[in-house]
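Results of the structural survey
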Amino acid sequence: MTHIAQVRGACPHDCPDTCALVTTVVDGTAIKVQGNQEHAHTGGVLCAKVSKYTERTYHAERVLQPLRRVGPKGSGRFEPVSWEQALDDIAARLHAIAQRDPEAILPYSYAGTMGMVQGESMDRRFFHQLGASLLDRTICASAGSEALAATYGGKLGMRVEFFAESRLILIWGSNSIASNLHFWRYAQEAKRQGAKLVCIDPRKSETADKCHEHLQLLPGTDAALALALMHELIVNDWLDHDYLAQHTQGWDALKARALQWPPERAAQVCGLEAEQIRRLARDYGTTKPAAIRLNYGMQRVRGGGNAVRAIACLPALVGAWRERAGGLLLSSSGASPFKRAALQMPQLLGPRRPRTLNMSTIGDVLLHQGDAAFGPRVEAVVVYNSNPVAVAPESAKVAAGFAREDLFTVVLDHFLTDTADHADYVLPATTQLEHWDIHGSYGHTDVLLNRPAIAPQGQARSNAQIFRDLAARMASLDPAFAAAHFQDSDEALCRMAVADTAIDFEELLQQGFAHIPLPEAPFAAGGFATPSGKCEFDNPALARLGINTLPDHVPNYEAPTTEFPLAMISPPARNFLNSTFANVASLARMEERPLLELHPDDAAARGIADGDRLRVFNARGEHVCHAAINGRARAGVVVGLGLWWRKHGENGTNVNELTHQQLSDIGRAPCFYDCAVQVAKAEIAA
Ligand SMILES: Nc1nc2c(c(=O)[nH]1)N[C@H]1C(S)=C(S)[C@@H](COP(=O)(O)OP(=O)(O)OC[C@H]3O[C@@H](n4cnc5c(=O)[nH]c(N)nc54)[C@H](O)[C@@H]3O)O[C@H]1N2
Ligand SMILES: Nc1nc2c(c(=O)[nH]1)N[C@H]1C(S)=C(S)[C@@H](COP(=O)(O)OP(=O)(O)OC[C@H]3O[C@@H](n4cnc5c(=O)[nH]c(N)nc54)[C@H](O)[C@@H]3O)O[C@H]1N2
Ligand code: SF4
Ligand SMILES: [Mo]
């Protein structure tokens, strides 16, 4: 008899929407993955990517057994080995290095899965016990997050559902239709009720197409725009004086700064018309409630932190926080109730204080010889939930680092990614359909539980299981690894994440999601999470970073020059999730091939026609792709939609061949969208 089950889960991907999933399983095989109708934010709708989840899970190229390198480093040539052989050898190698100096070992992970268990639990316990180097996880959001925290005291903001009631929505540095679809549903609801939608983005994105207005500014100029908006709010007295007096810190100083930014000055910096800025200021100053959906696209530049701070000040000027449909949302993850310390057990470090290495400069980190300031040369790296060879900046250096013959590299993944190609061992990990996990969200404020829908495929094991198994091997070499906390099951870790919180695990088991109890309008009466309890326009603590304590416009590192006159941004493609899904044929077909969008004038000046094969280059390298003259790029800016795998690129590169490793003003984050290039037509391939 056929057995049909419907299993509730959570989308694991690095996406603000954190959808609730329902997987239909027939006789042990997952046949479809759908959105849970009962979960309000998901509304039964998934994006195209995760609708194809079974295609990814049952992909013919999935790694289903442990692999050991046989070819030279980076060749991607492997032979199958047993789990016993792989684990024994890995434990012995890591132990030997740790005996000399555990800081020569580096874990490298990001948000391939956002799950608390498969992303940040047993793995952390393992590396803490080992005393390995710590990883500064900056590759995506730390500029914006730390800037937001320096202004509001945490990653806090509007509840996403209330955007449906806003009268004006600024969609700022966000291609919501591509990367925050379930917020877009609320924005559409507001639009139907008569709200005005304004998009602020250097690219004419799919989202810009559907907004009433589009300010197509130059990359890295958002702080100048925000300061000019403040200028107009001040000179027209569209201010909430009472809110400013009671709930903000540093208003006089900020006001003096903003008065230096008349719209004409900002217009020059931003590449906009002064009139556009005036119109936006009028809308923002006179429409209530006004809401800002700020997203991470605008903070991947040198001044990204300052820009987030400048924009984050705006709602306090007009008192937008007074209503639940007013204010700003960048990330809601500060609402998360999770017991991170219980999951990660930092106390296992004991008195040791290992160095911290920045994931965004992994190229330089792996190529460093080691010295007194840096500490020991990195001898081993364990990568999981990330594909640094494709996603980290300046990838020629990243690839050269991973190609070191003397580096011992272990990669846990589902596929032979660009990074896995450089491994000594590839260990097969389970997908979200095959393991337990528990999830918060950075775009809404619910908690979701993911139950396994199907058995692990092949010999795959969950990340947490792999670290439990490694700990068990290590126990014979170091008894500390025999402790009971190295045996907690995935399900037990899920329970531990919400033990003694407002979240009821039984409710999660029943319906798959639960709400965190929160106020509707977080800062209606002030109550910011900062030390002063106020919205900190001026934050004296920032002086320690050597930056201005008031938000300022900080120009990009790479101003266009005659040699490299075009600014390149490389936001995500709609049908990929970072580099995940780039190997799913049906989705890759929709994205066609690696493209560079150009303005018709920039193309004409170079004799380039739509579809032409191009060389995009700067002093760091060259990337070969094809021209898309589709009306989306503005003059002076080119758009290399990411993130293809390097090995899919015509010359074995992707856009990160061109990006650099310099870091943002706040948050030590990469500056992917602060990158000058030149473009030329390439010879036809032989
Ligand atoms: N489909 C899809 N969804 C995704 C992802 C994906 O790869 N694909 N990635 C996920 C991840 S990890 C993240 S962090 C988020 C990213 O999603 P977002 O936080 O929205 O950030 P980005 O997509 O990087 O950029 C958003 C928009 O900002 C614009 N932008 C670039 N530079 C600037 C600038 O200087 N100023 C302004 N105002 N705008 C700028 C880009 O053109 C882009 O349209 O999306 C998540 N969701
Ligand atoms: N040029 C440019 N570069 C960028 C960006 C950009 O906009 N432009 N965006 C940046 C941003 S915002 C981010 S967040 C980073 C993202 O960079 P990464 O965090 O590296 O994200 P992905 O490329 O999606 O790679 C995640 C990997 O984790 C694997 N994975 C998924 N689930 C599991 C699991 O349960 N277990 C294991 N072991 N593996 C799993 C997937 O198969 C995939 O290979 O890229 C950054 N790089
Ligand atoms: S990637 Fe985002 S939109 Fe797509 S299913 Fe996952 S959470 Fe939802
Ligand atoms: Mo990200």
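Being a predicted model, the structure only gives us computed values, none of them experimental.

1. Here we look at the overall build of the chain
The number of helices and strands found in the chain is 24 helices and 27 strands. Compactness check: the chain gives a C-alpha radius of gyration of 25 Å against a globular reference of 26 Å for 686 residues, within 12% of the reference. Each of the three principal axes of the chain carries a C-alpha extent, and together these read 70 × 60 × 60 Å. Taking all 686 residues of the chain together, the buried fraction comes to 63%. Counting contacts in the chain only where the partners sit at least 6 residues apart, residues at least 24 apart contribute 76% of the total. Just so you have it, the chain exposes about 23800 Å², and 51% of that area is on carbon and sulfur atoms.

2. Here we look at the side chain of Glu206
Turning to its location among the elements, Glu206 is positioned in helix α9 (residues 206–209). Take Glu206: its relative accessible area is 17%, and that puts it in the buried class. Side chain to side chain, Glu206 and Asn175 meet in a polar contact 2.8 Å long. Of note is the side chain of Glu206, whose polar atom sits 3.3 Å from the side chain of Arg203. Here Glu206 is in contact with Asn175, Ile177, Arg574 and Arg632, once residues within four sequence places are set aside.

3. Quick notes on the pairing of strand β9 (residues 196–200)
Burial analysis of β9 places 4 of its 5 residues in the buried class, which makes it a mostly covered element. The pairing of strand β8 (residues 168–172) with β9 spans 5 bridges and is classified as parallel. Counterpart to Ile169 in the pairing with β9 is Leu197. Relative to strand β10 (residues 213–215), β9 is paired through 3 bridges, and the arrangement is parallel. Considered in β10, the bridge of Val198 is made with Glu213.

4. A look at the sheet that holds strand β18 (residues 437–439)
In any sheet, the strands associate via hydrogen bonds between backbone groups, in a parallel or an antiparallel arrangement. Within the open sheet, the 3 strands sit side by side as β18-β19-β20. Their pairing is antiparallel. Looking at strand neighbours, the two that pair on one side only are β18 and β20 (513–515), the edges of this open sheet. Going across the sheet, the axis of each strand differs from the next one's by a mean of 15°, ignoring polarity. As paired elements, strand β19 (residues 446–450) and β20 share 3 bridges and run antiparallel to each other.

5. Quick notes on the sheet that holds strand β13 (residues 327–329)
Pairing is parallel in the open sheet, where 5 strands are placed in the order β10-β9-β8-β12-β13. With partners counted over all chains shown, the strands left at the sheet margins are β10 and β13, one partner each. On average, each strand axis in the sheet is tilted by 20° relative to the strand beside it, whichever way the strands run. Against the sheet, helix α15 (residues 304–318) makes contact with β8, β12 (290–294) and β13, and its axis sits at roughly 160° relative to β12, the strand it touches most.

6. Focus: the nonpolar core
Residues Trp172, Leu225, Tyr284 and Leu314 are the most contacted members of the largest nonpolar core, which totals 167 residues. Residue contacts for Trp172: discarding those within four places in its chain leaves Ile200, Asp222, Leu225, Ala226, Leu229, Ile292, Arg293, Leu294, Asn295, Met298, Ile311 and Leu314.

7. A short note on the pairing of strand β15 (residues 380–384)
In the case of a regular strand, side chains alternate between the two sheet surfaces. In terms of burial, β15 is a largely internal element, 5 of the 5 residues being buried. Alternating positions in β15 separate into two faces, Ala380, Val382 and Tyr384 on one and Val381 and Val383 on the other, with burial throughout. Sheet analysis places strand β6 (residues 105–109) next to β15, joined by 5 bridges and oriented parallel. Along β15, the bridge assignment pairs Pro107 with Val382. Sheet topology note: the β15/strand β16 (residues 408–413) ladder contains 5 bridges and is parallel. From the neighbouring strand, Ala380 faces β16, where its bridge partner is Phe408.

8. Re the packing of aromatic side chains
One pass over the full model with this rule turns up 20 aromatic pairs. Ring geometry for Trp321 and Phe523: centres 4.9 Å apart, planes at 80°, overall edge-to-face. Of the two residues, Trp321 is situated in the loop between α15 and β13 and Phe523 in the loop between β20 and β21 (535–536); the sequence distance between them amounts to 202 residues. The exposure class of Trp321 is buried, given its relative accessible area of 0%.

9. Remarks on the environment of Leu280
Within the secondary structure, Leu280 sits in helix α14 (residues 274–286). We classify Leu280 as buried; its relative accessible area is 3%. Once the C-alpha coordinates of Leu280 and Asn236 are considered, the two residues, 44 residues apart in sequence, prove to be 13 Å apart. When sequence neighbours within four positions are dropped, the list of residues in contact with Leu280 reads Leu170, Val198, Ile200, Leu215 and Leu229.

10. Describing the site of ligand 3
For ligand 3, the full set of nearby residues is Cys11, Cys15, Asp17, Thr18, Cys19, Leu46, Cys47, Lys49, Val50, His182 and Leu577. Of the residues that constitute the shell around ligand 3, the class distribution is 7 nonpolar, 2 polar and 2 charged.

11. Quick look at the side chain of Asp446
Within the secondary structure, Asp446 is located in strand β19. Side-chain polar atoms of Asp446 contact the side chain of His39, separated by 2.9 Å. For Asp446, the side chain forms a polar contact with the side chain of His515, separated by 2.8 Å. Ignoring anything within four residues of it in the chain, the contact list for Asp446 reads His39, His41, His439, Gly440, Ser441, Ala514 and His515.

12. Thoughts on the domain arrangement of the chain
When the domains of the chain are assigned, the result is domain 1 (4–57), domain 2 (67–139 + 340–444 + 454–513), domain 3 (143–330) and domain 4 (566–681). The straight-line distance from the C-alpha centre of domain 2 to that of domain 4 is 30 Å. Facing 25 residues of domain 2, the contacting portion of domain 4 comprises 20 residues. With both chains or domains summed, domain 2 and domain 4 bury close to 1700 Å², and 48% of this area falls on carbon and sulfur atoms.

Criteria and cut-off values
Residues numbered from 1 in each chain as written. Chains lettered and ligands numbered in written order. Predicted model: local features only at pLDDT ≥ 70, side-chain atom pairs only at ≥ 80, totals over all residues. Heavy atoms only, no water. Helix = DSSP H or I, 4+ residues; strand = E, 2+ residues; numbered from the N terminus. Rg over C-alpha atoms; globule rule 2.2 N^0.38 Å. Buried < 20%, exposed > 50% of the residue type's maximum accessible area, 1.4 Å probe, protein only. Contact = heavy atoms within 4.5 Å. Areas by Shrake-Rupley, 256 points an atom, 1.4 Å probe, with all protein chains shown as cover. Polar contact = N/O pair within 3.5 Å; in protein donor to acceptor, adjacent residues only side chain to side chain. Pairing = 2+ DSSP bridges. Axes fitted to C-alpha atoms, helices over the stretch in contact; angles between N-to-C directions. Core = buried A, V, L, I, M, F, W, Y, C linked by side-chain atoms within 4.5 Å. Phe/Tyr/Trp six-rings, centres within 6.5 Å; stacked < 30°, edge-to-face > 60°. Near = heavy atom within 4 Å. Nonpolar A, V, L, I, M, F, W, Y, C, P; charged D, E, K, R; others polar. Domains from an automatic or database assignment. Buried area = accessible area lost by both parts, 1.4 Å probe.

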